[in-house]
Amino acid sequence: ELGATPGMHDAGWVTKKYRARAQGLIQEEEQLITARIGRVGYDGVHEGLFVATPDGKAARTKCTVLHRCRASGSTLVELTLYTGRPHQIRIHLASIGHPLVGDPLYGVGGTPDPTRAPSHSFHKERRNDGDNRGERGVLPGDCGYMLHALSMELMHPIEGTPLYLVARPPPSLCVPAELLEC
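Residues numbered from 1 in each chain as written. Predicted model: local features only at pLDDT ≥ 70, side-chain atom pairs only at ≥ 80, totals over all residues. Heavy atoms only, no water.

Within the protein chain, the regular secondary structure consists of 1 helix and 12 strands. For the protein chain, the succession of helices and strands along the chain, N to C, is β-β-β-β-β-β-α-β-β-β-β-β-β. A total of 182 residues make up the protein chain; the buried ones form 39% of that total. Of the contacts made within the protein chain by residues no fewer than 6 positions apart, 60% connect residues no fewer than 24 positions apart. Of the accessible surface of the protein chain, which amounts to about 10,100 Å², a share of 54% is contributed by carbon and sulfur atoms. (Helix = DSSP H or I, 4+ residues; strand = E, 2+ residues; numbered from the N terminus. Buried < 20%, exposed > 50% of the residue type's maximum accessible area, 1.4 Å probe, protein only. Contact = heavy atoms within 4.5 Å. Areas by Shrake-Rupley, 256 points an atom, 1.4 Å probe, with all protein chains shown as cover.)

Printed below as a string of structure tokens:
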């Protein structure tokens, strides 16, 4: 993480905001998601897969609705992370019943999507992109989901002054009023 060291989230030294498009229409305008995140065994992931689990570590994400798109059945949200757990946004949105649009792994509940996972909790997917490796499993780094790191604020480690970094979102993650600026 740019400029961040372990524990900086928990100490309040780093604030990260993201934009994401979640499946379904989220009803609450703003909510604090607190599902705990821990590891479980998962084929293809040596040390286990991070999921929502009562035995996991505390995690907190503020979710604010920016726009509900009834046509696509999705919700554009801004997320503020108060902790820094692996796959925290993906797991937290899925834990409230609204996985990221395009997420090939996490389903409702914040665990691997059971409709994608046959018998061993390992989804075999036939590739149609010219890759001749045949079948492969869905793993945590697989992309295609709609998530963008919007901003990060932290204290400069030497100067002690605030640093604020911003990355403009792509058009697919802009609210309608921002589309002329994106």
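Moving on, we come to the pattern of salt bridges. Enumeration over the complete set of coordinates arrives at 6 salt bridges. A salt bridge links K17 to E78, with the shortest nitrogen-to-oxygen separation between them at 3.9 Å. Of this pair, K17 sits in strand β1 (residues 14-23) while E78 sits in strand β6 (residues 74-81), and the two are 61 residues apart along the sequence. We classify K17 as partly exposed; its relative accessible area is 28%. Measuring nitrogen to oxygen at the nearest pair gives 2.9 Å for the salt bridge that ties R19 to E178. Linking R19 in strand β1 with E178 in the segment after β12 (162-166), this pair joins segments that are 159 residues apart in sequence. Residue class for R19 comes out buried when judged on its relative accessible area of 6%. Salt bridges sharing common partners tie together K17, R19, E78 and E178. (Salt bridge = Lys/Arg side-chain N within 4 Å of Asp/Glu carboxyl O.)

Here we come to the side chain of T53. In this fold, T53 is placed in the loop between β4 (45-52) and β5 (61-69). Other than its neighbours up to four places away in sequence, T53 contacts R36, I37 and G38.

Attention now moves to the nonpolar core. Where a protein is soluble and globular, its nonpolar side chains tend to be buried together. Counting 13 residues, the largest nonpolar core has A20, I26, C63, V77, L79, I89 and L93 as its most contacted members. Only β1, β5, β6 and α1 (88-95) provide two or more residues apiece to this core. Setting aside chain neighbours within four positions, we find I89 in contact with Y18, L79, L81 and L147. If you look at the next biggest cluster of nonpolar residues, it comprises 12 residues, including I37, V51, L105 and Y106. (Core = buried A, V, L, I, M, F, W, Y, C linked by side-chain atoms within 4.5 Å.)

This brings us to the sheet that holds β5. Pairing within the open sheet is antiparallel, and its 6 strands lie in the order β2-β5-β6-β1-β11-β12. Looking along the sheet, the strands with just one partner apiece sit at the ends: β2 (30-33) and β12. Taken pair by pair, the neighbouring strands of this sheet meet at an average axis angle of 20 degrees, ignoring direction. In this sheet, β6 lies alongside β5 in antiparallel orientation, the contact comprising 8 bridges. From the neighbouring strand, R68 faces β6, where its bridge partner is T75. Helix-sheet contacts for α1 involve β1, β2, β5, β6 and β11 (147-155), and the interaxial angle to β6 is about 125 degrees. (Pairing = 2+ DSSP bridges. Axes fitted to C-alpha atoms, helices over the stretch in contact; angles between N-to-C directions.)

What follows deals with α1. Of all the 8 residues making up α1, 7 are buried; the element is thus mostly covered by neighbouring parts of the structure. Among all positions of α1, only Q88, I89, R90, I91, H92, L93 and A94 are buried. Residue G97 follows α1 closely and has a positive phi angle near 90 degrees.

All right, on to unusual backbone geometry then. Excluding glycine, residues mostly carry a negative phi; peptide bonds, for their part, are mostly trans. Of note, the phi angle at H87 is positive, near 60 degrees, even though the residue is not glycine. You can see H87 is positioned in the loop between β6 and α1. Judged by its relative accessible area of 27%, H87 is partly exposed.

Quick look at the pairing of β11 now. Pairing geometry for β1 and β11, over 7 bridges, is antiparallel. Looking at the pairing, K17 lines up with S151 of β11. Of the pairings in the sheet, the one linking β11 to β12 comprises 5 bridges and is antiparallel in character. By the bridge assignment for β12, E153 is matched with Y164. As consecutive antiparallel partners, β11 and β12 are separated by 6 residues, and within that stretch G160 has a phi angle of approximately 75 degrees, a positive value.

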